[in-house]
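# Topology and contacts: notes
Here's the letter readout for the chains.
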Amino acid sequence: MLRAYVLAQSNSSSVRLTLERGDLTKWAPRLVTANSAAIANAANERMLGGGGVDGAIHRAAGQALLEACRNVPETRPGIRCPTGEARITSAGNLGVANVIHTVGPIYDAANPSESKALLTRAYANSLAVAAENQISAVAFPAISCGVFGYPIPDAAHVAVEQAVMHATSETTTLKEIAFVLFDNTCYDAWVDAVRTQNLES
Ligand code: AR6
């Protein structure tokens, strides 16, 4: 199940958005070589691994990723990546060059606008870090949609909106933005979110 869409870009080249079901740790870019590609990790603020997709990425990447994470400076004791921010490391044994670690919000039903602002920042900062590092393709999981409990349709909307916004900015170096969704619920929500953006497939 792969769906591909064209995102318009202001400097006349285009960025491809893909939606696919699968395991992010096995993802490879289709338009560019893997040595200019990254995957995004739904990490936690400590950035030393965890459960869910974070655990899967660390298992697949091996000890080298953990070492790279340990070398990321702490912004305060124990915290390497505050919620909403993003950090880049090498990728150990993964088939891509880099991992962009970001931390989405733990969904707060009492304050959904704050949660939305933080999820927006997590995607926007991950895409900005990709561009700053001349990355050509990046693949995302459904950030905050697992143990962090973000409502999936709302998260899909934020994710697709940020991909479109970044793709239409002057600063992008990306040719390909992928979402690799682990289950049908997320996949279907992302398909719906793309529909609302009226993208050309
Ligand atoms: N490939 C793609 N997506 C996956 C994979 C995979 N291999 N495995 C799980 N998912 P979660 P969060 C999906 O819980 O909600 C960690 O412990 C999963 O089905 O991984 O941002 C961190 O250390 C769900 O749709 O991330 C943090 O403490 C999505 O990835 C915390 O979880 C995100 O689920 C972050 O929570």
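Nothing here was measured: the structure is a model prediction, and the numbers come from that model.

### Points about the layout of surface pockets
Rolled over the atoms, a probe with the dimensions of a water molecule shows which regions are left empty. Taken as a whole, the largest pocket holds about 560 Å³ of empty space. Along the walls of the largest pocket sit 26 residues, with Ala42, Gly52, Val53, Asp54 and Gly146 positioned nearest its centre. Put simply, the parts of the chain that give the lining of the largest pocket at least two residues each are helix H1 (52-61) and strand S7 (176-181). Among the elements that line the lining of the largest pocket, the one with the most residues is H1, at four residues. Per-class residue counts for the lining of the largest pocket are 15 nonpolar, eight polar and three charged.

### Let's talk about the pairing of strand S3 (residues 37-42)
Of all six residues making up S3, five are buried, and the element is well covered by its neighbours. Here S3 pairs with strand S5 (residues 98-102) via five bridges, running parallel. For Ala40, the partnering residue across the bridge sits in S5 and is Ile100.

### Points about the sheet that holds strand S2 (residues 15-21)
An order of S1-S2-S7-S6-S3-S5-S4 is seen for the seven strands of this open sheet, with the pairing classed as mixed. One side of each edge strand has no neighbouring strand; the edge strands of this open sheet are strand S1 (2-7) and strand S4 (86-90). When strand polarity is set aside, the average angle formed by the axes of neighbouring strands in this sheet is 20 degrees. Inspection of the sheet shows S3 paired to strand S6 (residues 137-140) by three bridges, in the parallel sense. Its bridge partner lying in S6, Ala37 is registered against Ala137. Running at roughly 150 degrees to S2, helix H5 (residues 184-196) makes contact with S1, S2 and S7 of the sheet.

### Some points on the packing of aromatic side chains
Scanning all chains against the criterion turns up five aromatic pairs. Ring centres of Tyr123 and Phe140 lie 5.2 Å apart, and the angle between their planes is 55 degrees; on these two criteria the pair is classed as tilted. Placement of the pair is Tyr123 in helix H3 (residues 112-132) and Phe140 in strand S6, with a sequence separation of 17 residues. Each member of the pair, Tyr123 as well as Phe140, is classed as buried. Among the aromatic residues, those joined into a ring-pair cluster are Tyr123, Phe140, Phe179 and Trp190.

### Some thoughts on the site of the ligand
Neighbouring the ligand are 23 residues, the closest being Asn44, Gly51, Val53, Asp54 and Ser144. In this structure, a nitrogen atom belonging to the ligand sits 2.9 Å away from a side-chain N or O atom of Asp23. One nitrogen or oxygen atom from the main chain of Leu24 is found 2.9 Å from a nitrogen atom belonging to the ligand. Burial of the ligand by the protein amounts to 89% of the accessible area it has alone, namely 700 Å². Of all the cavities here, the one that holds the ligand is the largest pocket.

### Looking at the nonpolar core
Leu17, Tyr123, Phe140, Ile177, Phe179 and Trp190 are the most contacted members of the largest nonpolar core, which totals 42 residues. Taken together, the elements giving at least two residues each to this core come down to S1, S2, S3, H3, S6, helix H4 (152-167), S7 and H5. The element that contributes the greatest number of residues to this core is H4, accounting for nine residues. Those residues in contact with Ile177, other than ones at most four positions away along the chain, are Val15, Arg16, Leu17, Thr18, Leu127, Val138, Phe140 and Ala163.

Rules of the game
- Residues numbered from 1 in each chain as written.
- Predicted model: local features only at pLDDT ≥ 70, side-chain atom pairs only at ≥ 80, totals over all residues.
- Heavy atoms only, no water.
- 1 Å grid on protein atoms, 1.4 Å probe; cavity = no way out; pocket = protein on both sides within 12 Å on 5 of 7 lines; lining within 4 Å.
- Points joined across faces, edges and corners; volume = space filled by probe spheres on them.
- Helix = DSSP H or I, 4+ residues; strand = E, 2+ residues; numbered from the N terminus.
- Nonpolar A, V, L, I, M, F, W, Y, C, P; charged D, E, K, R; others polar.
- Buried < 20%, exposed > 50% of the residue type's maximum accessible area, 1.4 Å probe, protein only.
- Pairing = 2+ DSSP bridges.
- Axes fitted to C-alpha atoms, helices over the stretch in contact; angles between N-to-C directions.
- Contact = heavy atoms within 4.5 Å.
- Phe/Tyr/Trp six-rings, centres within 6.5 Å; stacked < 30°, edge-to-face > 60°.
- Near = heavy atom within 4 Å.
- Polar contact = N/O pair within 3.5 Å; in protein donor to acceptor, adjacent residues only side chain to side chain.
- Areas by Shrake-Rupley, 256 points an atom, 1.4 Å probe, with all protein chains shown as cover.
- Sits in = over half its atoms within 2 Å of the grid points.
- Core = buried A, V, L, I, M, F, W, Y, C linked by side-chain atoms within 4.5 Å.

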